[in-house]
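So the chains spell out like this:
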Amino acid sequence: MIARGIAIAIAILALIAVPYAITEAYYVNIASQILLYAIFALGLNILVGYAGLVSLGHAGLFGVASYAVASLLVLGYGHAVAILAALVIGLLFTAGFAALALRATGISFIMITLALGEILWGLAYRWISLTNGDNGVNVATRPMPFGIALSSANAFYDMTLIVFVVAVAATAIFVRSPFGAALAGTRDQPRRMNALGFHVWMIRFGAFMFSGLLTAVAGILYVYYNRFISPQTLALPASAEALLMVISGGAGTLLGPIVGAALVVIIKNVVSAYVVRWNFMLGAIFVAIVVFMPEGLVPGMARLSRSAWRAMSGPKKVLPAAEPKP
Amino acid sequence: MTFWLLLTVNSVTFGGLLFLLSAGFSLIFGLMRIPNLTHGSMFMVGAYLGTTFFSGALGFTLNFWVAAIVTAFEVAVLGALMERLLLRRLAGQQLAQVLVTLGVSFMVADLCLMAWGGDPISVETPPGLGGFIRVGTAAAPLYRLAIIAIAVVFAIALWLMLERTRLGAMIRAGVDDPQMARVVGIRVSQLFTIVFGLGAALAGFAGVIGAPILSVYPGLDQDMLPLALVVVILGGTGSLLGSFVGSIIVGFIYNFGQALVPELAYFILFLPMVLVLVLRPQGLFGGQVL
């Protein structure tokens with residue numbers, strides 16, 4: 001318990017130190033990107049990892065929050081109003097998504113979320129009077145909470161870090177709560193949970209809403225980070241990218257999506273410096289991970305380090321195999 | 001009057017193209033229980049390959065229809081290869097299979113962009129079909145009527161194949177109960193390859209004959225795939241009649257929507273899907289729950 005506390009403290013200190021260790025604004029911005037995508041991936045992981053429901057439409061929800069902020073700012077509202085309204089709008093869309101997609105589970109859930117995500121993309125792309133179509137919407141300024149300007153890379157990183165830590169803590173509490181346990185129950189044994197008197201649909205709906213909340217928060221950070229939003233943000237590759245973060249890191253773990261987000265953002269930035277074919281890489285990594293490391297990096301590494309630890313601590317007596325039943 | 005007639009013809013034409021696309025999608029879904037997210041890519045690859053064959057870029061020029069058939073075979077081979085080499089490795093893991101098809105669709109889209117560039121390619125209607133048929137004062141373009149005829153012929157052929165042939169009986173058995181089909185000696189895994197190839201061929205063929213109407217451009221796959229999804233959710237998975245009716249409905253909504261409320265055309269397209277999901281989740285003609 002104490003070891004865990006120390007580890008968390010070290011991790012937070014290390015994250016705070018990042019902008020001082022790498023002073024170039026470009027790299028600090030990449031660090032901010034990793035954190036905000038990690039929030040997005042944490043949100044998606046609630047559904048993919050803990051509820052066992054794979055969504056391919058989450059970029060739509062992410063983009064709705066972004067567009068809400070951008071549009072309200074263009075209409076002349078203040079930052080506080082825009083952010084609050086974006087959260088509310090994001091949650092409303094999430095509720096609509098959930099109400100439709102939770103008619104099904106499994107593969108059909110994927111298809112419905114995919115179709116819903118494409119609707120939102122289509123709206124952003126074609127409803128030009130509202131969204132300015134392919135040209136996107138610009139955001140002139142970043143907010144100034146308590147009078148602190150967020151225009152510099154470092155200040156924005158610190159802000160993102162605070163939101164990130166809160167999001168991780170909220171996710172950890174959510175997952176370890178009785179509700180989180182019930183959610184994992186609906187993933188593994190939905191019929192038994194139903195027989196035990198749990199309202200499976202309500203539990204999944206609640207999880208979807210929490211997932212949508214984190215997604216909206218990430219979307220709001222994204223639009224302030226980029227100061228620009230275009231339909232590309234809502235397109236299917238964006239949903240797939242988020243899913244790749246969750247799966248490559250390890251679905252159903254707290255650390256997995258964070259590692260996955262770091263991995264994808266770094267690869268994306270490094271790769272696009274050398275080749276223009278990011279979508280090809282995205283697809284290829286996707287296929288490779290699904291075929292060769294379906295459990296994801298974090299559980300995979302944990303398994304490797306466990307076996308390495310066992311090997312280092314000397315030959316132990318092999319656990320006896322389970323007695324064959326007579 | 002001409003406006004409405006033309007719009008109706010366009011709607012049925014588009015519905016016919018969608019049927020060719022979604023019939024294979026629906027069959028694959030019915031048999032393998034996965035949505036093949038490369039189906040839009042097959043359509044786009046077909047369109048690109050077809051235009052290359054009859055544009056003469058390779059040094060020789062094929063007749064439009066020959067090119068369409070050759071392309072269908074090529075895309076069928078691509079589909080069958082993908083099933084053999086990738087999906088077969090993940091047999092039984094549906095989620096992994098879906099994700100692999102998604103990954104492959106991105107790779108294909110990028111490869112097409114690399115090979116054919118980002119500019120849209122417009123395709124002329126094949127010779128002899130550029131004219132109009134006059135009905136009283138109204139006129140309907142001949143090529144679009146030809147597409148409708150082709151779609152109807154394919155629909156009948158597919159129906160006969162499924163209902164009257166040995167292969168069709170095996171496919172129906174596989175859709176109903178794969179385990180039982182295996183028990184009675186049907187090689188279901190071989191059916192997977194056949195159906196995947198057949199679906200890919202239909203999609204590729206639809207891509208070629210759709211090219212003169214839709215033109216060919218990057219992102220065509222992403223435009224078509226959601227439509228196939230909607231058709232299948234509407235009609236019900238694994239049902240040929242479902243994909244036929246669903247395609248016509250989507251064709252009408254899409255074309256009328258684009259003519260009357262262009263900004264929201266994409267949105268109202270999904271309304272019937274939402275209605276079906278709420279009222280009849282297994283789809284209009286689906287037996288099994290979606």
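Residues numbered from 1 in each chain as written. Chains lettered and ligands numbered in written order. Predicted model: local features only at pLDDT ≥ 70, side-chain atom pairs only at ≥ 80, totals over all residues. Heavy atoms only, no water.

Scanning chain B from N- to C-terminus turns up twelve helices and two strands. In sequence order, chain B lays out its α and β elements as α-α-α-α-β-β-α-α-α-α-α-α-α-α. Judged by the C-alpha coordinates and their principal axes, chain B covers about 60 × 50 × 35 Å. Residues classed as buried in chain B amount to 55% of the 290 residues present. Across chain B, contacts joining residues at least 24 apart in sequence account for 75% of those joining residues at least 6 apart. A gap of 15 Å separates the mean positions of the 12 positive and 11 negative side-chain charges of chain B. (Helix = DSSP H or I, 4+ residues; strand = E, 2+ residues; numbered from the N terminus. Buried < 20%, exposed > 50% of the residue type's maximum accessible area, 1.4 Å probe, protein only. Contact = heavy atoms within 4.5 Å. Lys, Arg positive; Asp, Glu negative; His and termini not counted. Charge placed at Lys NZ, Arg CZ, Asp CG, Glu CD.)

Okay, the overall build of chain A next. Within chain A, the regular secondary structure consists of 14 helices and two strands. Over its C-alpha trace chain A gives a radius of gyration of 21 Å, about what one expects of a compact globule, namely 20 Å for 326 residues. Projected onto its principal axes, the C-alpha coordinates of chain A cover approximately 75 × 50 × 40 Å. Scored against the burial criterion, the 326 residues of chain A give a buried share of 51%. Contacts in chain A between residues far apart in sequence, at least 24 positions, make up 77% of those at least 6 positions apart. For chain A, the exposed area adds up to about 15300 Å²; of that, 70% sits on carbon and sulfur atoms. Positive and negative charge centroids in chain A, built from 18 and 8 side chains respectively, lie 10 Å apart. (Rg over C-alpha atoms; globule rule 2.2 N^0.38 Å. Areas by Shrake-Rupley, 256 points an atom, 1.4 Å probe, with all protein chains shown as cover.)

With that settled, the discussion passes to the interface of chain B and chain A. Residue-level contacts link 40 residues of chain B with 39 residues of chain A. Roughly 3700 Å² of surface becomes buried between chain B and chain A when both sides are summed, with 78% attributable to carbon and sulfur atoms. At the junction of chain B and chain A, the tally comes to zero salt bridges. Taken together, the residues of the side of chain B that touches chain A sort by class into 32 nonpolar, three polar and five charged. (Buried area = accessible area lost by both parts, 1.4 Å probe. Salt bridge = Lys/Arg side-chain N within 4 Å of Asp/Glu carboxyl O. Nonpolar A, V, L, I, M, F, W, Y, C, P; charged D, E, K, R; others polar.)

On to the packing of aromatic side chains, then. Residues and elements named next belong to chain A. Applying the stated criterion to the full structure yields 20 aromatic pairs over all chains. Where Trp-201 meets Phe-205, the ring centres are 5.1 Å apart and the plane angle is 15°; that geometry is what we call stacked. Taken together, the residues span about one helical turn, with Trp-201 and Phe-205 both in helix H10 (residues 200-226) at a distance of four residues. With a relative accessible area of 34%, Trp-201 lands in the partly exposed category. Taken together, the ring pairs in this structure connect Tyr-37, Phe-40, Phe-62 and Tyr-222 into an aromatic cluster. (Phe/Tyr/Trp six-rings, centres within 6.5 Å; stacked < 30°, edge-to-face > 60°.)

This next bit is on unusual backbone geometry. Residue and element names in this part refer to chain B. Unusually for a residue other than glycine, Arg-33 sits at a positive phi of about 65°. Among the structural elements, Arg-33 can be located in the loop between helix H1 (2-32) and helix H2 (39-55). Arg-33 sits in the partly exposed class, given a relative accessible area of 25%. Despite not being glycine, Ser-215 shows a phi value in the positive range, around 60°.

Scored by pLDDT, chain B has a mean of 84; 96% of the residues are at 70 or more. Among the prediction metrics, the complex's ipTM stands at 0.77, with pTM recorded as 0.84. (pLDDT = per-residue confidence, 0-100.)

Right, let's talk about the packing of helix H7 (residues 153-176) of chain A against H10 of chain A for a bit. All names here are of chain A. Two elements in contact, H7 and H10, have axes separated by 11 Å at closest approach and are oriented at 175°. Put simply, H7 runs roughly antiparallel to H10. Of the residues in H10, those in contact with Phe-156, Thr-160, Val-163, Ala-167, Ala-170, Thr-171 and Phe-174 of H7 are Ala-207, Phe-210, Leu-214, Val-217, Leu-221, Tyr-224 and Tyr-225. For the contact of H7 with H10, the per-class residue count stands at twelve nonpolar, two polar and no charged. (Axes fitted to C-alpha atoms, helices over the stretch in contact; angles between N-to-C directions. Parallel < 35°, antiparallel > 145°, perpendicular 65-115°, else oblique.)

Here we come to the packing of helix H2 (residues 25-51) of chain A against H7 of chain A. Any two packed helices are characterised by the angle at which their axes cross and by the distance between the axes. Residue and element names in this part refer to chain A. As a packed pair, H2 and H7 sit with axes 9 Å apart at the nearest point and diverge in direction by 20°. Compared by their axis directions, H2 and H7 come out roughly parallel. For the element pair H2 and H7, the recorded crossing hand is left-handed. (Left-handed = near helix turned anticlockwise from the far one by under 90°.)

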